[in-house]
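Each chain, written out:
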Amino acid sequence: MKKTVLFFGFIMLLSACTRVFVDNDYRYSTHFKKYITYAFVECERDTNILCEDVQQAIQYQMRARGYEFNAQKPNILVNFSIYYDRLRYKGYDQPSLVNWVSTEDDNYMYRPVKYDLEKGTLMVSMIEAESSEVVWRGYATGIFNRASSKKNYFKSIVRDIFDQYPLFATAEKPQTTKKNVLF
């Protein structure tokens, strides 16, 4: 019996080590429905393939949501950072973005949450071009694990982050992706 408990404990420990945590934060005063164009923040990037993969995956996710790339006059600037070491981060406990956009209820409060993020964190930020303020940030931590050597792994991580941003540029109402629904 003890061996069985130890075995399942070991399996749970292994699965916890490879689990990626994904979350997002956003600014309540943002009118997300007015954004339709984007561009990337100009900055120096690593020349490794990881950065190229991440940027291409972000471009795919933005296009899939109806955003148009416009380097001259973007509504949103997109930036991403990869942190290789552990990171302390102050996030917020907030209602889902879809709930906020649907209601824009000013009674929601920002509840700060302090995170000790694992080694390997990818943060994607959307910055309002007009005000230069971050309006949305999605992040995944624990991204460097045994699965990170698999093909398309980082594209999957970017998709998981953007699953936290279910808004579409061309839609009047927020849309969500359909989950498995049984009829």
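This one's a predicted model, so the numbers in the text were calculated from it and none came from an experiment.

Within the element layout of this structure, S125 appears in strand 7 (residues 121–128). There is a polar contact of 2.9 Å between the side chain of S125 and the side chain of R137. Leaving out residues up to four positions away in the same chain, S125 has contacts with L77, V78, N79, V134, W136 and R137.

Attention shifts here to the environment of C51. Counting through the fold element by element, C51 comes out in helix 2 (residues 49–64). What makes C51 buried here is its relative accessible area of 7%. Measuring from C-alpha to C-alpha, the distance between C51 and F80 comes to 9.0 Å, with 29 residues separating the pair along the chain.

It is worth spelling out the sheet that holds strand 3 (residues 68–69) at this point. Read from one edge of the open sheet, six strands run 1-8-7-4-2-3, paired in mixed fashion. Either end of the sheet is taken by a strand with one partner, and the two such strands are strand 1 (21–26) and strand 3. Against the sheet, helix 4 (residues 153–162) contacts strand 1, strand 7 and strand 8 (134–141), and its axis sits at roughly 50° relative to strand 7.

In low-pLDDT regions, the fine details of the predicted coordinates are not to be read closely. With 78% of its residues at a pLDDT of 70 or more, the protein chain has an overall mean of 79. Taking the mean pLDDT of every element in the protein chain, the minimum, 41, falls on helix 1 (residues 2–18) and the maximum, 96, on strand 3. Segment residues 171–175: pLDDT under 50, and eight contacts once partners within four positions in sequence are set aside and those in other chains are kept. In this model residues 177–183 is a low-confidence stretch, pLDDT under 50, and it forms zero contacts with partners more than four residues away in sequence or in other chains.

This structure, assessed with the given rule, holds seven salt bridges. One salt bridge connects E118 with R86, and the closest N-O pair in it is separated by 3.3 Å. Note that E118 is positioned in the loop between strand 6 (111–117) and strand 7 and R86 in the loop between strand 4 (76–83) and strand 5 (87–93), a separation of 32 residues in sequence. Across the pair R159 and D160 runs a salt bridge whose closest N-O atoms are separated by 3.6 Å. Its relative accessible area of 40% is what places R159 among the partly exposed residues. D160 sits in the partly exposed class, given a relative accessible area of 27%. One salt-bridge network, held together by shared partners, links R27, K34, E128 and E133.

Summed over all chains, the structure comprises 15 aromatic pairs. Ring centres of Y38 and F40 lie 5.9 Å apart, and the angle between their planes is 80°; this geometry places the pair in the edge-to-face category. Per residue, the accessibility class of Y38 equals that of F40, and both read buried. Ring geometry for Y84 versus F144: centroids 5.4 Å apart, planes at 5°, classification stacked.

Turning our eyes to something else, we now look at the side chain of T37. Counting through the fold element by element, T37 comes out in strand 2 (residues 37–40). The buried category is assigned to T37, whose relative accessible area is 10%. A polar side-chain atom of T37 sits 3.2 Å from the main-chain carbonyl oxygen of K73. In contact with T37, not counting residues within four places along its chain, are Y67, E68, N70, K73, P74, N75 and I76.

Reading guide: rules and limits
- Residues numbered from 1 in each chain as written.
- Predicted model: local features only at pLDDT ≥ 70, side-chain atom pairs only at ≥ 80, totals over all residues.
- Heavy atoms only, no water.
- Helix = DSSP H or I, 4+ residues; strand = E, 2+ residues; numbered from the N terminus.
- Polar contact = N/O pair within 3.5 Å; in protein donor to acceptor, adjacent residues only side chain to side chain.
- Contact = heavy atoms within 4.5 Å.
- Buried < 20%, exposed > 50% of the residue type's maximum accessible area, 1.4 Å probe, protein only.
- Pairing = 2+ DSSP bridges.
- Axes fitted to C-alpha atoms, helices over the stretch in contact; angles between N-to-C directions.
- pLDDT = per-residue confidence, 0-100.
- Salt bridge = Lys/Arg side-chain N within 4 Å of Asp/Glu carboxyl O.
- Phe/Tyr/Trp six-rings, centres within 6.5 Å; stacked < 30°, edge-to-face > 60°.

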